[in-house]
Every structure is written in structure tokens, then in C-alpha cells.
Amino acid sequence: MVAHRYELFAALQLLRRGYILSRFRGSPRCAIAGGILYWSFPDLKRYQLIQPVDNPAGFEGVEYYRITSAGFDFENRLQEWWRSLSPWQKLKLRLLG
């Protein structure tokens, strides 16, 4: 089960646009586009929706991740699903996950 569906959805949208996810080694939280992800990193990694990338210009102790082809495919399916929801269902997901 996914911990927070809307956060996962939003993270995949940003990753698809080319943003990089960053995470301090050993930390359960990570950041993307200036926002913190509280619950989605384990699911993104478990389902192989992201992969680590080497960033020689990055900071020491920080891991960097990009979306995988499986992540692109999953995000496409999520977009179709999202469009099928009513405004009330979308609001509920944003608030409750």
C-alpha cells in the first residue's frame, strides 16, 4: 500500500518535468523542487520508479535520483486516473493522501 497517494503523484509529475529528487544519506525524507517529501521515497524506490544518478557537482552526503522508464509509464497511468476523478475526489486525495 502506498503511504500518501497524492504526494507520490505530485513527485512523479515533477520528476517527469526533469526535476531531481535529493536526499541526505540515511534520512527518510527527501526534497524535490524545493518541497519536502515526507512519505513517498520508500514507495518510489521499492517500485523502481526512480534510480540514483551521479552528480559530481552535488553536495557531499546527498543522493540524487531521476525518474525511470517504469516511473514514466506509471505516471502516465496516474494522469489518466487523475483525469477520471471528480473534483471532490481530487480534493479528498490532496487532503487525506
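To be clear, the structure that these remarks concern was listed above.
Okay, so let's go over this structure.

1. Remarks on the overall build of the chain
Here is step 1: The helix and strand tally for the chain stands at four helices and five strands.
Here is step 2: In sequence order, the chain lays out its α and β elements as α-β-β-β-α-β-β-α-α.
Here is step 3: What you see for the chain is a C-alpha radius of gyration of 14 Å, in line with the 13 Å of a compact globule of 97 residues.
Here is step 4: Its C-alpha atoms give the chain principal-axis dimensions of about 45 × 25 × 25 Å.
Here is step 5: Partitioning the contacts of the chain with sequence separation of at least 6, the portion at a separation of at least 24 is 54%.
Here is step 6: When the accessible surface of the chain is summed, it comes to about 6,500 Å², and 55% of that surface belongs to carbon and sulfur atoms.
Here is step 7: Across the chain, 14 positive and 8 negative side-chain charges occur, with their mean positions spaced 7 Å apart.

2. Some words on the pattern of salt bridges
Here is step 1: Considering all chains together, one arrives at three salt bridges under this definition.
Here is step 2: Asp43 is the partner of Arg46 in a salt bridge, and the nearest nitrogen-oxygen pair spans 3.1 Å. One end of the pair, Arg46, and the other, Asp43, are both in helix α2 (residues 41–46), three residues apart, so they sit about a helical turn from each other.
Here is step 3: In this structure Arg46 comes out as partly exposed when scored by relative accessible area, which is 47%.

3. Focus: the packing of aromatic side chains
Here is step 1: This structure, assessed with the given rule, holds six aromatic pairs.
Here is step 2: Aromatic pair Tyr38 and Trp39: ring centres 5.6 Å apart, planes at 50 degrees, arrangement tilted.
Here is step 3: Residue classification places Tyr38 among the partly exposed positions, given a relative accessible area of 42%.
Here is step 4: Residue classification places Trp39 among the partly exposed positions, given a relative accessible area of 44%.
Here is step 5: Taken together through their ring pairs, the aromatic side chains of Tyr6, Phe9, Trp81 and Trp82 make up a single cluster.

4. Topic: the pairing of strand β1 (residues 21–24)
Consecutive side chains along a regular strand alternate between the two faces of the sheet.
Here is step 1: Only one face of β1 is buried: it carries Leu21 and Arg23, and the other face, with Ser22 and Phe24, is open.
Here is step 2: Bridge count between β1 and strand β2 (residues 30–32): two bridges; the pairing is antiparallel. From the neighbouring strand, Leu21 faces β2, where its bridge partner is Ile32.
Here is step 3: Connecting β1 to the antiparallel partner β2 that follows it, the hairpin turn spans five residues, and Gly26 within it adopts a positive phi of roughly 85 degrees.

The rules behind these values
- Residues numbered from 1 in each chain as written.
- Predicted model: local features only at pLDDT ≥ 70, side-chain atom pairs only at ≥ 80, totals over all residues.
- Heavy atoms only, no water.
- Helix = DSSP H or I, 4+ residues; strand = E, 2+ residues; numbered from the N terminus.
- Rg over C-alpha atoms; globule rule 2.2 N^0.38 Å.
- Contact = heavy atoms within 4.5 Å.
- Areas by Shrake-Rupley, 256 points an atom, 1.4 Å probe, with all protein chains shown as cover.
- Lys, Arg positive; Asp, Glu negative; His and termini not counted.
- Charge placed at Lys NZ, Arg CZ, Asp CG, Glu CD.
- Salt bridge = Lys/Arg side-chain N within 4 Å of Asp/Glu carboxyl O.
- Buried < 20%, exposed > 50% of the residue type's maximum accessible area, 1.4 Å probe, protein only.
- Phe/Tyr/Trp six-rings, centres within 6.5 Å; stacked < 30°, edge-to-face > 60°.
- Pairing = 2+ DSSP bridges.

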